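Observations on the three-dimensional arrangement
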Amino acid sequence: MLDHLVSLHTELSVFMWGDSTMREQFKLLRALLGGPSYDHQTDAGRWHPNVALPAELMHGNNGASAMWCPSVDVYIHKAASGNATISILGAFCTLGATSVAMVPALLDALQQMPYNLTLPADSLMYIGSAGLHLLHIETLKMRDWTEMKPLEAAFEENTKYGLTELQERYPAARLAYFNTHSLCNELMLSLGCSAHANCNAQFGPGVMQRADACDSHDWKACFSGVDVQPEERVSFCETLYSHHGSSVMAARERALLKDPSLKWALVDGHSITKDASCDQTEDGVHYNLPTMMKMIEEALTLLRKKRVP
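Residues numbered from 1 in each chain as written. Predicted model: local features only at pLDDT ≥ 70, side-chain atom pairs only at ≥ 80, totals over all residues. Heavy atoms only, no water.

This next bit is on the state of the cysteines. Counted under the stated rule, the structure contains 3 disulfides. Across the disulfide from Cys184 sits Cys278; the S-S distance is 1.9 Å. Looking down the S-S bond of the Cys184 and Cys278 bridge, the torsion is 95 degrees, so its handedness is right-handed. Within this pair, whereas Cys184 is found in the loop between strand E5 (174-178) and helix H6 (199-203), its partner Cys278 is found in the loop between helix H11 (269-274) and helix H12 (289-300), the two being separated by 94 residues in sequence. A sulfur-sulfur distance of 1.9 Å marks the disulfide that ties Cys214 to Cys222. Every disulfide takes its handedness from the sign of the S-S torsion; for Cys214 and Cys222 that torsion is 95 degrees, giving right-handed. Given a relative accessible area of 3%, Cys214 falls into the buried group. We classify Cys222 as buried; its relative accessible area is 0%. (Disulfide = S-S within 2.5 Å. Helix = DSSP H or I, 4+ residues; strand = E, 2+ residues; numbered from the N terminus. Buried < 20%, exposed > 50% of the residue type's maximum accessible area, 1.4 Å probe, protein only.)

Here's what the structure looks like:
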């Protein structure tokens, strides 16, 4: 697909938004276009604009709003490749909860000084939900269930708001939505737990252990150290950072995109990764190059299609 696009005498523009899974796709696409390879020590983004949800969508009490990502890393890359000129603008949050509802305001901010970045009208918008960042973790007091519940409950409302705003503001754009991909419990990192000699005693099961326990219905280990009422146990498991939790989130996204008012094509990251996820990832979360190539190819395919009015 990329070979076809660069054979055209044209200028193409791609905007990408999401979490680290989308950031890795950006870096792969940039490398395919001759850009620099990723260096985690120096490649932290060119700018770091502040972002915020619209006030009416800032759900949550008891400090839950503080879970939202305060700023994003913005990357840009423009390259002549073959006969085409391709520009990529990427904006990613990796340190907090994020929402598509933030994107319209972010794009408005990027048009102002000192950025002066304006998307061409016919850009490809490749938008990731960052749904993984709304799944609760519990370990090391990170993203507790009680903190994440109001954010997760507002997921459809916030996502629909953001997607609707974008398709109305950019009516000539190609629209691709990347849903939550599958997590592999067996390979998931313990988020620093192994560095503590008495980690499990202090903080309860690690990320991998709790995910595996909940998905296998080992309820004692699943709810260890967490006060969950019996009537809320299903909700707890469906929103946990686990294989099952990621599957439920992806299903919610598929259902949302069936709304006839939304004009977004689905790049089904969950379907691409669910069957062989543990063969395609080293950490249970981020996927290898061949897998990401499939995701990028599905998104770029939209550049060959006419915009559906």
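Burial analysis of strand E4 (residues 124-128) places 5 of its 5 residues in the buried class, the great majority of the element. Where strand E1 (residues 11-18) lies against E4, 4 bridges are found, and the strand directions are parallel. Paired with Phe15 across the bridge in E4 is Met125. Of the strand pairs in this sheet, E4 and E5 are connected by 5 bridges, and their pairing is parallel. (Pairing = 2+ DSSP bridges.)

So, about the nonpolar core. Phe15, Trp17, Leu107, Met125, Leu166, Tyr241 and Trp264 are the most contacted members of the largest nonpolar core, which has 47 residues in total. Among all residues touching Met125, those that are not within four sequence positions of it are Phe15, Leu107, Leu119, Leu166, Tyr170, Ala173, Arg174, Leu175, Ala176 and Trp264. (Core = buried A, V, L, I, M, F, W, Y, C linked by side-chain atoms within 4.5 Å. Contact = heavy atoms within 4.5 Å.)

Attention shifts here to the confidence of the model for the chain. Chain-level pLDDT for the chain is 83 on average; 80% of the residues reach the 70-or-more range. Per-element mean pLDDT across the chain ranges from 40 in H6 up to 97 in helix H10 (residues 243-257). Counting contacts from residues 190-205, a segment whose pLDDT is below 50, to residues more than four positions away or on other chains yields 21 contacts. (pLDDT = per-residue confidence, 0-100.)

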